[in-house]
Every structure is written in C-alpha cells, then in structure tokens.
Amino acid sequence: QQIVLATHNLHKVAEFQSIVASVRPDLQVLAYDGPEPIEDGVSFAENALIKARAAAAHTGLPALADDSGICVDVLGGAPGIFSAYWAGHAKDASANLALLLDQLSDIADPHRTAQFHSTIALVIPGPEGAVDERVVEGVWPGRLAHVAAGGGGFGYDPVFIPDGQRFDAETTVAEWTAEAKNEASHRARAFVALAVHLEDL
Ligand code: ITT
C-alpha cells in the first residue's frame, strides 16, 4: 500500500519515514512533488487538510499532511500556525529562533512554557470523487531555553526543552538523538492517534 506525504519540508519527511516504519512498516511513503497549495487556513487542522486534499486530488492516492508549530503561552499561543514564517516571508529558522528569544528576553523560567503541536490530516480518495478525511493532533509540552543549544533536528528544536527530563540534566530537542525525538515528539504523539486510521487503508 502506498501513501503520499504532502510536505516540502525534508526534515518532516525523514521523521515521518522513521515513525511510519515503526508503526506500519508495510506502508510505502512517497514524497509529494506536485503543486503546493496556499495555506490560508486559520488553524493547524485547516492547513493540514488543505495540504493533504491537494496531494490526494493530484495523485489519487491516500495523502498525509502535517501542519505544526510552537505555541508560546506568554505570547497568547503565537507563533502557532505562523511558526515557519515568524521572522518574515523566507522560512529562515535561525531568524525565527532569534526573534522568539528576543521576544522572551524579559520572561523568567516559570513563564517560558510552550507546546509543540502537530496536526496530521489523512485524506483517502474513494470511488466517484468521494473522500474520507481524518484529523489527529499531538502536543508536546515544555519551555523555551534562554539560549539556543544543539545541532540536531530543525526549526525551534534548539530552544525547546521538553517537560519530564531530570531537572539537573535538561537539554533542548536539538541535543537529542533523532531516535529519541521521534519516540517522544508532538509528531510521534499525533502518529499514535493516527495508527488506528491507517488500519483502514
Ligand atoms: P510543509 O508545509 O511543506 O509541511 P513547513 O515547514 O512549511 O513544511 P508548517 O507550515 O507546518 O510546515 O510549519 C511548521 C513550522 O513549525 C516549521 O517550519 C518549524 O519552524 C516549526 N516546527 C514544526 N515541527 C517542528 C519540530 O519538530 N521541531 C522544530 N520546529 C518545528
């Protein structure tokens, strides 16, 4: 069984392939290289559906899309759906990080809480134009570091310290191995919820 992954983010492709291999090793994940739709939804779910619908319509195959981001409590949930473009129109991860750290420069640790969100849409084309749509979400709570640390992962990983670590040995996600991130992340959590839907393929 083949499934198309509707993302142009190569880091997401690698994470998905690793997570799919552990949950449904029989699924063949294909990268989608068709036209990129305009992501003008007002929520992670709407944007994930926009991307998955476009890929399913273009390929005729079941399609998965992830819309994700970091939600910072003291910023009222921002950057949220605007995470990829927080510092401007180019998807510049280091500029995004620098801006976020700057916005939190006066904020003390107890108020630096944040969550990574991953919303995954699965769109399954059926006979005569019918489509079956499922949406799941995973949330990873933590807080923002004061300085970026680590060279792994992507995006906001160098400033995100997940909850649940030993207090005297806390690290950012960018200091974790890819395997450790893929077991614990918001994307992995969304995938746990998605597994039951993949059984219907
Ligand atoms: P696609 O739309 O093609 O999938 P994208 O990177 O533009 O790629 P999003 O619109 O969902 O995807 O934006 C997600 C942004 O949120 C991403 O660029 C990062 O800045 C951030 N983000 C999401 N997941 C992350 C993760 O696991 N680690 C670090 N940052 C993450």
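Heads up: the structure comes first, above all this text.
Because the structure is a prediction, the values reported are computed rather than measured.

(A) Structural view of the overall build of the protein. When helices and strands are counted, the protein shows 5 helices and 6 strands. Reading the protein from its N end, one meets helices and strands in the order β-α-β-α-β-α-β-β-β-α-α. Taken over C-alpha atoms, the radius of gyration comes to 17 Å for the protein, in line with the 17 Å a tight globule of 201 residues would show. Counting only C-alpha atoms and orienting by the principal axes, one finds that the protein spans roughly 55 × 35 × 25 Å. For the protein, the proportion of contacts with a sequence separation of at least 24, taken over those separated by at least 6, is 61%.

(B) Up close: the site of the ligand. Among the 21 residues in the neighbourhood of the ligand, the closest are listed as Thr7, Asn9, Ser83, Ala84 and Gly155. With 5 residues, strand 3 (residues 63-72) is the largest single contributor of residues to the shell around the ligand. Each residue belonging to the shell around the ligand can be placed in one class, and the counts come to 5 nonpolar, 10 polar and 6 charged.

(C) Molecular detail of the environment of Pro127. Assignment of secondary structure puts Pro127 in the loop between strand 4 (113-125) and strand 5 (131-144). Of the residues examined, Pro127 has 5 C-beta atoms within 10 Å and is grouped as exposed. Residues Pro127 and Ala149, spaced 22 residues apart in sequence, show a C-alpha to C-alpha distance of 50 Å.

Rules behind the numbers
- Residues numbered from 1 in each chain as written.
- Predicted model: local features only at pLDDT ≥ 70, side-chain atom pairs only at ≥ 80, totals over all residues.
- Helix = DSSP H or I, 4+ residues; strand = E, 2+ residues; numbered from the N terminus.
- Rg over C-alpha atoms; globule rule 2.2 N^0.38 Å.
- Contact = placed C-beta atoms within 7 Å.
- Near = placed C-beta within 6 Å.
- Nonpolar A, V, L, I, M, F, W, Y, C, P; charged D, E, K, R; others polar.
- Buried ≥ 20, exposed ≤ 12 C-beta atoms within 10 Å, placed from the backbone.

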